[in-house]
Each structure stands twice: as structure tokens, then as C-alpha cells.
Amino acid sequence: MLQLLDNAILAVTNILYQPWFVPLILVAGGLYFTFRMGFIQLRLFKEACSIILEKPENEGNISSFGALMVSTASRVGTGNIIGVSTAICLGGPGAIFWMWVTAFFGGATAFVESCLAQIYKKKNPDGSSYGGPAYYMQDALGQRWMGIIFSFLIIGIYAVGYNMLASYNVQSTFAAFSFYKEGVTPAIIGIVLAVLFGAIILGGAKRLTKITEIMVPVMGVLYVLVAIVVIIMNFRNVPHMFASIFSNAFDFKSIFGGFSGSCIMYGVKRGLYSNEAGMGSAPNASAQADVSHPARQGLVQMISVFIDTLLICSATALMCLSTNVVPTPEMAGAEYVQASMRAAMGSFGPVFIAVSLSLFAFTTLIGNYSYCEGCLEFIINRKPTKGGLLVFRMLATVLVFAGAVASAGLVWDTADLLQGLIVVVNMPAILLLGGKAFRCLNDYTKQRKQVKKPYFHAKDIQLEDQVDFWD
């Protein structure tokens, strides 16, 4: 039965990832936003970095940094290790180049969707905010049905697809150790993850923010530092490493001979899995940030894409490719990363990867879940009851356990399917609404040129839509 389900999922996924569908939507959208905003990724990169550490406008609200860490916790996870390994082993070293391309243009997409989420965010009774793509689909496009479909997909991709995949990837790293027993060890790891996850989500969004603000920067910096050490240890291989990335990336005869298994396709798939630009996930966190201007949060989320793919994914890729371990399809996943680390650092290597992946996965689990309750509230159009919310949280917890004991094919294919579907819903919306984000950016840069802190008012960009903030 599960095999039939996986076959059906894979059949739809193969259609979604044809070059004229999801890849075209992502790349074309990213290109359009990049040129329309004058290469904002380069032009305002320094500005974006300066915003990150600013405090919220009102004491006690979630800062830009807090919202960045929640979205980065979701982005920075097993995709940065297992996703990169899978892309290299199945698509070739050139997949890394196409991950970089996806991330660069995805930075502009991330700005637009997060800026729109800020413009159309909603106000809580205590003055804090919430929102996301479902709300700009409802309020700006006037299509509540579209927001409902999006919300169902967000719950599907994060509570089911990505959280099951994160749980599976954690247990898979322990297969390299002698104590691993098929069927037993995955169940034990699944129980541990589910118990920790269940305990955390009872604390609510503020607790999620506090945990991720501490864990994400620490583990990210440590992981990158170790990767740099490994690359330095193998510095003689660095020229050949970059040569293999670029030669494989532009081997068009091989690429178009089998596009579904090419480096471009795996670069797009795993790049999307890693940085999520265009999926409309990070805007759910962005809407919670207390900022003086929507463009500020858009710039912050642009940085999150770069942190995820251009920094941490690159650290994994270059760390592995700099060793003498040859990637093969059979090694796709944790095995290739652990073999590379063992070659560089001996027995310490696999242990470091197992610990890193466990920490990455844990913040991924709680970061992912933080998007789901808001979407549930949008679907039912009211606050869920305590009993209903408890049932929802229990189901999410059970799925964490289920992912650890599921098959690799099912969890990967489910995640690929759902992330493709959500792109198909969100990208057309932000392409239609992009003009509002462009005017918002122009208003921001105009004020910055006047050497003052930008403050946003809806009327300044001729925004006629009803908004809770900015009036």
C-alpha cells in the first residue's frame, strides 16, 4: 500500500519538476524580481546586514532578528547536510552551482514575499502581529480560497513533509555506528525526538523564538568553522573541486539527456528544500516582526536565504568535495557526508555529523511547526479551541515519530511533491502583487537617502487596500 502511495506521489512530482513548470516559475520569478529591483541582493546587502540586530519598535514584541532566527531555524536544517549530500550523489557536483543560482535569485523573491507579509500583517489584541501569504492572498488579491489552499499546503509540507523528513534524516545518521539496529534504533530516536518536540510546542511562539535565537547562530557558526578546517586540511584538492563543480554544471549534453536526474534539477529541488525562497514559508515568521518599515524585514529575510544556501550548504558541499571520497548514488544521504568527515577527521567525523544533524533537525522541527498553527487559524477563521489545538499538536508530534520509521523514498518524495505544489500557489500571487513590494522598496530607499530611519505609511505608496498596520 505504501509503495503504491509512493509511486503515485513520485508520478505527480516528476510532472511538477519538468523544466517548464516549477523550475521555470522559480527561476523566471527570481530573475524578474532581481532585475525589477536593480539587483537588490548586491545593492542593499550591506544595508540588510545592518538591520538584523536592531531592537523591535515596541518592548516585548518579536524583533527582526527573532523572526530571522525562526525562519532560519526552519531553513537551516537537515537540507543543509543530507539535502546537499543527496544533490551531489544523485545529480553530480554541478548541482551545487545550481543551488547557488537558485539562492541568489531566490534572495529577491524572499524580499518580495516577506515585504508583502509585513504590509498585510494582522494585529493581535496585545499589539503584536501575525500573518503570511494566506493573508495577502485574501486581502490584496481578494481570493480567500487561495489562502485556504496555501494554508493546507503549509501544514502539509511542514507538519508532514519536512518534519517527517527531518526525523528520518536524524535517525539515518546513526546507521554509521555499530549500535544501530534496523527497526529498533529508528524507533528509539523517533520517540526521543517526538517527546522533545511535544514538550517544546506547548510553550508557544515566544518560547520557540527564544530557543532558536540561541541555538541557530551557535550551531551554524560551529558547523561552518569545522567545514573550513576540513577544506584547509585538503587544500590541494580545492582547484579540482571547483573545476568539477563548474564542468559538471555546464555539461548540457548530459543535463538534457535526462533532465529529471540532472544537476540542474537536483540543484533546484534541494536548493528549494534548503532555502525555501518562493514557497511563502518565511513570510509567516516575517509578519510577526515589529519593524518600522516592511522593506526592512524583506531585506532581513533576503539575508536568511544567503545564510542558508550560500554559507551553510556551501560549507557542507565544499567540505565533502574537498576530500578524496567519491560520491556515488548508493551513498546519497548521511553516508556520503559521514564518509567524507571520517576521511578528514577519523572517528570524530561521523560523531560530529550525527550531533550537528540532530541539533539542526531539532530547530528545524520547531521552526517548521511555528508556521502551522497560524495557518490552521486562517482555515477555520477563528482561534482554535484548547482541545482542538491539543489534538493538532499531538498529531504533529506523532508525525515526528512516524518520519523516523518511514522509508527514505516516501519521505523525500512527499516533501518534493508538497514543496512543488506550494510554489505553484505562492509564486503567481507574489508576481501579481510584486508592484506593491517595489513601491515599498522605493519608499524605503527614498527615506534612506534623506539620512533618516524609514517609517512606512500605506498612503505613501498609494496603497488603497485595508491594512491593520501602517495607517
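Everything below is about the structure printed above this text.
All values derive from a computational prediction rather than experimental measurement. (Residues numbered from 1 in each chain as written. Predicted model: local features only at pLDDT ≥ 70, side-chain atom pairs only at ≥ 80, totals over all residues. Heavy atoms only, no water.)

**Concerning unusual backbone geometry**
Although it is not a glycine, phenylalanine 39 adopts a positive phi angle of roughly 55 degrees. Inspection of the secondary structure assignment puts phenylalanine 39 in the loop between helix H2 (22–36) and helix H3 (40–43). (Helix = DSSP H or I, 4+ residues; strand = E, 2+ residues; numbered from the N terminus.)

**Comments concerning the nonpolar core**
Core analysis: the biggest nonpolar cluster contains 150 residues, and Met37, Ile40, Phe111, Val112, Tyr223 and Leu299 have the highest contact counts within it. With 18 residues, the top contributor of residues to this core is helix H21 (residues 408–449). Not counting residues up to four positions away in its chain, the partners in contact with valine 112 are Phe33, Met37, Ile430, Gly434, Ala437 and Phe438. (Core = buried A, V, L, I, M, F, W, Y, C linked by side-chain atoms within 4.5 Å. Buried < 20%, exposed > 50% of the residue type's maximum accessible area, 1.4 Å probe, protein only. Contact = heavy atoms within 4.5 Å.)

**So, the side chain of lysine 121**
Mapped onto the elements of the fold, lysine 121 is located in the loop between helix H7 (94–119) and strand S1 (122–123). Within the buried core, lysine 121 has no salt-bridge partner, and the shortest N-O distance to an opposite charge, that of aspartate 290, equals 5.1 Å. Among the polar contacts made by the side chain of lysine 121, one reaches the side chain of glutamine 118 at a distance of 3.0 Å. (Lys, Arg positive; Asp, Glu negative; His and termini not counted. Salt bridge = Lys/Arg side-chain N within 4 Å of Asp/Glu carboxyl O. Polar contact = N/O pair within 3.5 Å; in protein donor to acceptor, adjacent residues only side chain to side chain.)

**Section: the pattern of salt bridges**
As enumerated under the stated definition, the model contains 5 salt bridges in all. Note that arginine 448 is salt-bridged to glutamate 47, the shortest N-O span being 2.9 Å. Highlighted residues: arginine 448 in helix H21 and glutamate 47 in helix H4 (residues 45–51), separated in sequence by 401 residues. Since its relative accessible area comes to 36%, arginine 448 is described here as partly exposed. Linking glutamate 377 and lysine 383 is a salt bridge whose minimum nitrogen-to-oxygen distance equals 3.5 Å.

**Overview of the packing of helix H16 (residues 294–321) against helix H17 (residues 334–345)**
Where H16 meets H17, the axes come as close as 9 Å, and the angle between the chain directions of the two elements is 60 degrees. Taken as axis vectors, H16 and H17 run oblique relative to one another. In the packing of H16 onto H17, the handedness of the crossing is left-handed. Counted together, Met319, Cys320 and Leu321 of H16 and Tyr336, Val337, Ser340 and Met341 of H17 form the full contact between these two elements. Tallied by class, residues from the contact of H16 with H17 come to 6 nonpolar, 1 polar and no charged. (Axes fitted to C-alpha atoms, helices over the stretch in contact; angles between N-to-C directions. Parallel < 35°, antiparallel > 145°, perpendicular 65-115°, else oblique. Left-handed = near helix turned anticlockwise from the far one by under 90°. Nonpolar A, V, L, I, M, F, W, Y, C, P; charged D, E, K, R; others polar.)

**Focus: helix H20 (residues 386–405)**
Along its 20 residues, H20 runs 30 Å from first to last C-alpha, staying within 8% of the 28 Å computed at 1.5 Å per residue. Residues of H20 that are buried include every one of Leu389, Phe392, Arg393, Ala396, Thr397, Val400, Gly403 and Ala404, and no others. End-on view of H20: buried residues confined to an arc of 135 degrees, all on one side of the axis. Among the exposed residues of H20, those oriented more than 90 degrees off its buried face are Leu395 and Val398. Those residues of H20 that are buried are in contact with helix H9 (144–173), helix H10 (185–201), helix H18 (348–369), helix H19 (372–380) and H21. (Expected span 1.5 Å × (residues − 1). Arc of directions from axis to C-beta.)

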